[in-house]
Structures are given as C-alpha cells and as structure tokens.
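Overview (structure and organization)
The residues making up each chain are set out below.
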Amino acid sequence: SAVISQKPSRDICQRGTSLTIQCQVDSQVTMMFWYRQQPGQSLTLIATANQGSEATYESGFVIDKFPISRPNLTFSTLTVSNMSPEDSSIYLCSVEGSGGTYNEQFFGPGTRLTVL
Amino acid sequence: QKEVEQNSGPLSVPEGAIASLNCTYSDRVSQSFFWYRQYSGKSPELIMSIYSNGDKEDGRFTAQLNKASQYVSLLIRDSQPSDSATYLCAVNTLNQFYFGTGTSLTVIP
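Just so it is clear, the structure is predicted and the values come from calculations on it, not from any experiment.

In this section: the overall build of chain A. The helix and strand inventory of chain A stands at zero helices and eleven strands. Moving toward the C terminus, one meets the helices and strands of chain A in the order β-β-β-β-β-β-β-β-β-β-β. Its C-alpha atoms put chain A at 40 × 25 × 25 Å along the principal axes. Counting every position in chain A, which comprises 116 residues, the buried fraction comes to 48%. Long-range pairs, those at least 24 residues apart, make up 53% of the contacts in chain A with a sequence separation of at least 6. Summed over all atoms, the accessible surface of chain A reaches about 5600 Å², with 48% contributed by carbon and sulfur.

For the rest of this paragraph, the subject is the interface of chain B and chain A. The interface is formed by 18 residues belonging to chain B together with 15 residues belonging to chain A. Between chain B and chain A lies a buried interface of about 1400 Å² when both sides are counted; carbon and sulfur atoms form 55% of it. Per-residue buried area on chain B facing chain A is highest for B:Ser43, B:Phe97 and B:Phe99; these three make up 30% of the total on that side. Where chain B packs against chain A, one counts zero salt bridges. Elements with a contribution of two residues or more to the side of chain B that touches chain A: strand S4 (32-38), strand S5 (45-50), strand S9 (85-93) and strand S10 (96-99) of chain B. If you tally residues by element for the side of chain B that touches chain A, the top one is S4(B), at four residues.

Most of strand S5 (residues 44-50) of chain A sits inside the fold, with five of its seven residues counted as buried. The loop that links strand S4 (residues 31-37) of chain A with its antiparallel partner S5(A) comprises six residues; one of these, A:Gly40, has a positive phi angle of about 75°.

Moving on to the pattern of salt bridges. Residue and element names in this part refer to chain B. A full pass over the atoms with the stated rule returns four salt bridges over all chains. In this structure, Asp83 engages Arg60 in a salt bridge whose closest nitrogen and oxygen atoms are separated by 2.8 Å. Of the two residues, Asp83 is situated in the loop between strand S8 (71-76) and S9 and Arg60 in the loop between strand S6 (54-58) and strand S7 (61-66); the sequence distance between them amounts to 23 residues. A relative accessible area of 26% means that Arg60 is categorised as partly exposed.

Under the counting rule described, the total for this entry stands at ten aromatic pairs over all chains. Each ring, one from A:Tyr35 and one from B:Phe99, has its centre 5.6 Å from the other, and the planes form 90°; the classification is edge-to-face. With one member in each of two chains, A:Tyr35 in strand S4 and B:Phe99 in strand S10 form a pair that bridges those chains. With centroids separated by 6.0 Å and ring planes inclined at 35°, the aromatic side chains of B:Phe97 and B:Phe99 adopt a geometry described as tilted. By relative accessible area, which is 9% here, B:Phe97 ends up buried. Here B:Phe99 falls in the buried class, since its relative accessible area comes to 13%.

Further remarks concern the nonpolar core. Taken as a class, soluble globular proteins show a tendency for nonpolar side chains to be buried jointly. Ranked by size, the top nonpolar core spans 26 residues in total, and within it A:Trp34, A:Ile46, A:Phe66, A:Ile68, A:Leu78, A:Tyr91 and A:Leu113 carry the most contacts. The set of elements that each furnish at least two residues to this core consists of strand S3 (19-25), S4, S5, strand S8 (75-80), strand S9 (89-96) and strand S11 (111-115) of chain A. At four residues, S3(A) tops the list of elements feeding residues into this core. Within the second largest apolar cluster, 23 residues are counted, among which are B:Trp35, B:Ile47, B:Phe61 and B:Leu65.

Calculation criteria
- Residues numbered from 1 in each chain as written.
- Chains lettered and ligands numbered in written order.
- Predicted model: local features only at pLDDT ≥ 70, side-chain atom pairs only at ≥ 80, totals over all residues.
- Heavy atoms only, no water.
- Helix = DSSP H or I, 4+ residues; strand = E, 2+ residues; numbered from the N terminus.
- Buried < 20%, exposed > 50% of the residue type's maximum accessible area, 1.4 Å probe, protein only.
- Contact = heavy atoms within 4.5 Å.
- Areas by Shrake-Rupley, 256 points an atom, 1.4 Å probe, with all protein chains shown as cover.
- Buried area = accessible area lost by both parts, 1.4 Å probe.
- Salt bridge = Lys/Arg side-chain N within 4 Å of Asp/Glu carboxyl O.
- Pairing = 2+ DSSP bridges.
- Phe/Tyr/Trp six-rings, centres within 6.5 Å; stacked < 30°, edge-to-face > 60°.
- Core = buried A, V, L, I, M, F, W, Y, C linked by side-chain atoms within 4.5 Å.

Set out below in structure tokens:
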C-alpha cells in the first residue's frame, strides 16, 4: 500500500481564517479523496480529486468553502475557508490502491482541526 | 435507507473470545467489501478485503460475505485488548465508497 503523509497533523485556528491541508503520497495515484470525520462519527466524503481536472464535490460541500488542488499525481491540498467552530473535525486524505477493479482505499494519518 | 449499516455497539468481549462484527448493505450491485480498524485518535487502517462469497481468513481475522443476503461480517478469534477499536465496514458500489458508522469493540482483559 502507498505511504501517505499529511501536514499539518493538527492545528488550532481562529474563526474566519483559512487552513490548507497537504497530502503527499509516495507513488503516483490517479484518484485522491478528501474526507471529514467529526467527533464520534463515521467518514463523510468531501470530494474526489483527479489530477488535471476539477475536483468532484459531494452534496453539501462546495468549492468556495473547500477548494482543492491536485497539481500532480502524488500531491493534493484541501483548504478549509472562512472557518467556523462547526468545521472542527479530522480531515483525512485517501488514495485508491492498485488492486484492479476492486480498489481499496488507504488513508493518511489525518489532520485534527479545532476552530475557536 | 443507508448504504451501509452496522450495529454501533459498544461490543464487549473477554480476552481470548471470538468477536463478531456485522454489516449489511443496500445495493445488490456492490462489488467489494472492506473492514477498517480505527483506534481512537488515529486514521482508519485497512485490515480485510473480500470480493467473493464465502470466507476469507488472514491470521486471527476472518471476513465472511453473503451477497444473496447482502451481509458481510468480521470475526476476530482469540481477541486481544489491542483489538479494542472501532471497526468500520466499507462497500465499493460502482466505484463509490460507502462507510458504515462503525462498531466499537472493547476486549476486556
């Protein structure tokens, strides 16, 4: 499986500011995913990031709030814009494995965000 | 109806017992099925994948899939306190991943 790193691992931010989270993979991958996991909850997919095209956002998530970049096949960023306390969550990036049709997903270590 | 449903627990078993975790899914075209383990404060870790009906064993873990009943389970034999975690069931349906809400497992020494 791919080795995935995320920066920062955690941050405490003020309301109204923005934070950019980086996700780096040690091998080239076609699809990268960004998830949010709020305390005690399961994973919610924010968007799918493909290199060379616009990210695809899930219902309830918009580009203005969560802009995503995917400049190459090993790197992506997620920005959480104009933050409010409701954005406090763990943000996870994941990548698909290379298992053919039945690709697994592997997760980075996550970014724990607290908004005051 | 949720795509993937799990009993949230908590499930408690004594050390050395078999822990049984269950998951149902709603879409018959779902192709592949996964179990993730998530320790508190950590990210999900893939522990089992299964694609065909029947059992798949890996060490102390056995995944069971019954596509006719739309049911997938995870058995953990000889449970250890280090198995205490939340277990997430995930389903790949037409290249869309769906996660259950997770089952919290506590193994009591």
